[in-house]
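Structural overview
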Amino acid sequence: MAKESPVKWEQLLQEAVSKPGTINQAYRAFHSYSTGNQLLALWQCHSRGMPVGPISTYSGWQSKARYVKKGEKALTLCMPCSFTKKSTDDNGDEQEDHVNIFVYRNNWFVLSQTEGQDVVVESPPTWDHVKALEARGIEQVDFDHMNGNCQGFAQDRKISVSPIAANPLKTSIHEIAHVILGHTVERMEDGDFTPRNTKEMEAEAVTLIVLDSLDLPGGDDCRGYIQSWYGQQAIGEKEARRIFTASDKILKAGQKGDVK
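These figures come from a predicted structure and were not determined experimentally. (Residues numbered from 1 in each chain as written. Predicted model: local features only at pLDDT ≥ 70, side-chain atom pairs only at ≥ 80, totals over all residues. Heavy atoms only, no water.)

1. Notes on helix 1 (residues 9-18)
Along helix 1, the residues classified as buried are Trp9, Leu12, Leu13, Ala16 and Val17. When helix 1 is viewed along its axis, its buried side chains cluster within an angular range of 130 degrees and face the same direction. (Buried < 20%, exposed > 50% of the residue type's maximum accessible area, 1.4 Å probe, protein only. Helix = DSSP H or I, 4+ residues; strand = E, 2+ residues; numbered from the N terminus. Arc of directions from axis to C-beta.)

2. A look at the nonpolar core
Ranked by size, the top nonpolar core spans 54 residues in total, and within it Trp9, Leu13, Ile55, Leu75, Val206 and Ile250 carry the most contacts. Broken down by element, this core gets its largest block of residues, eight residues, from helix 7 (residues 196-213). Other than its neighbours up to four places away in sequence, Ile250 contacts Trp127, Ala132, Ile173, Ile176, Ala177, Ile180, Val206 and Val210. (Core = buried A, V, L, I, M, F, W, Y, C linked by side-chain atoms within 4.5 Å. Contact = heavy atoms within 4.5 Å.)

3. A look at the packing of aromatic side chains
All told, the structure shown has three aromatic pairs when counted by the stated rule. Seen in terms of ring centroids, Phe143 and Phe153 are 5.8 Å apart; in terms of plane orientation they differ by 45 degrees. Their pairing is tilted. Of this pair, Phe143 sits in the loop between strand 6 (139-140) and strand 7 (152-155) while Phe153 sits in strand 7, and the two are ten residues apart along the sequence. These aromatic residues form a ring-pair network of at least three members: Trp9, Tyr104 and Phe244. Over the face of the ring belonging to Trp61 we find Lys64, whose NZ or CZ atom lies 5.9 Å from the ring centre. Positioned above the aromatic ring of Tyr225, the side-chain terminus of Lys170 is 5.5 Å from the ring centre. (Phe/Tyr/Trp six-rings, centres within 6.5 Å; stacked < 30°, edge-to-face > 60°. Lys NZ or Arg CZ within 6 Å of the ring centre and 35° of its normal.)

4. Looking at the layout of surface pockets
Taken as a whole, the largest pocket holds about 610 Å³ of empty space. Lining the largest pocket are 24 residues; nearest its centre among them are Gly152, His174, Glu175, His178 and Glu200. Elements supplying a minimum of two residues to the lining of the largest pocket: strand 7, helix 6 (168-180), helix 7 and helix 8 (219-230). The greatest single-element share of the lining of the largest pocket, amounting to five residues, is contributed by helix 6. For the lining of the largest pocket, a count of residues per class yields six nonpolar, nine polar and nine charged. (1 Å grid on protein atoms, 1.4 Å probe; cavity = no way out; pocket = protein on both sides within 12 Å on 5 of 7 lines; lining within 4 Å. Points joined across faces, edges and corners; volume = space filled by probe spheres on them. Nonpolar A, V, L, I, M, F, W, Y, C, P; charged D, E, K, R; others polar.)

Given below as structure tokens:
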């Protein structure tokens, strides 16, 4: 029987959006993991009343000369799983399909659940805006919009930020998010057109996660912006997953190291 997440992704996102400090605390403690897993690990620490700290697997702590205390319950995280499935095509020929899915495993323990040698707690890696643009293949071009109220815009894989934007970095990340989320290549004829309020909510939620993760200014403005575009509507699981994935791509693109 497949293991389920102890909390829904949309609940994690809602808590992150509504409680300032949540995202940064999760990022500082679990920065080598994906955004969703960072918030999932933080939620479990809080719900169990455990100190927030580095996490690793049973064998991972053993390699650091630390050992899980007897009776400690592992944390659950979401991890990718790949397998090959055989099928038959229209001609009756057998073929192999590579399938990628995500599963939940309870394999991780927080530092406070272990004992042994002292460990050095690693700080989050530095993040560079220009590197993130280059890594994602996005070009920032000169601003030529005639609307003086426009802070920035995105088209295809190009973004532009107004020279008088209130927070240029926040605006740039917002436009990068539109590109990563696929908003700039949607066409009405595709039959799956994302409403504008959903696009703006998704892009601004990504911006919030990136800014708060890196402890950069602008998060409070993001919260108000999200509210103005999405009102009292609930953010669904599909949107939450898209937001977490896009946030990971932007954060990973501008930093060193891999995201688990």
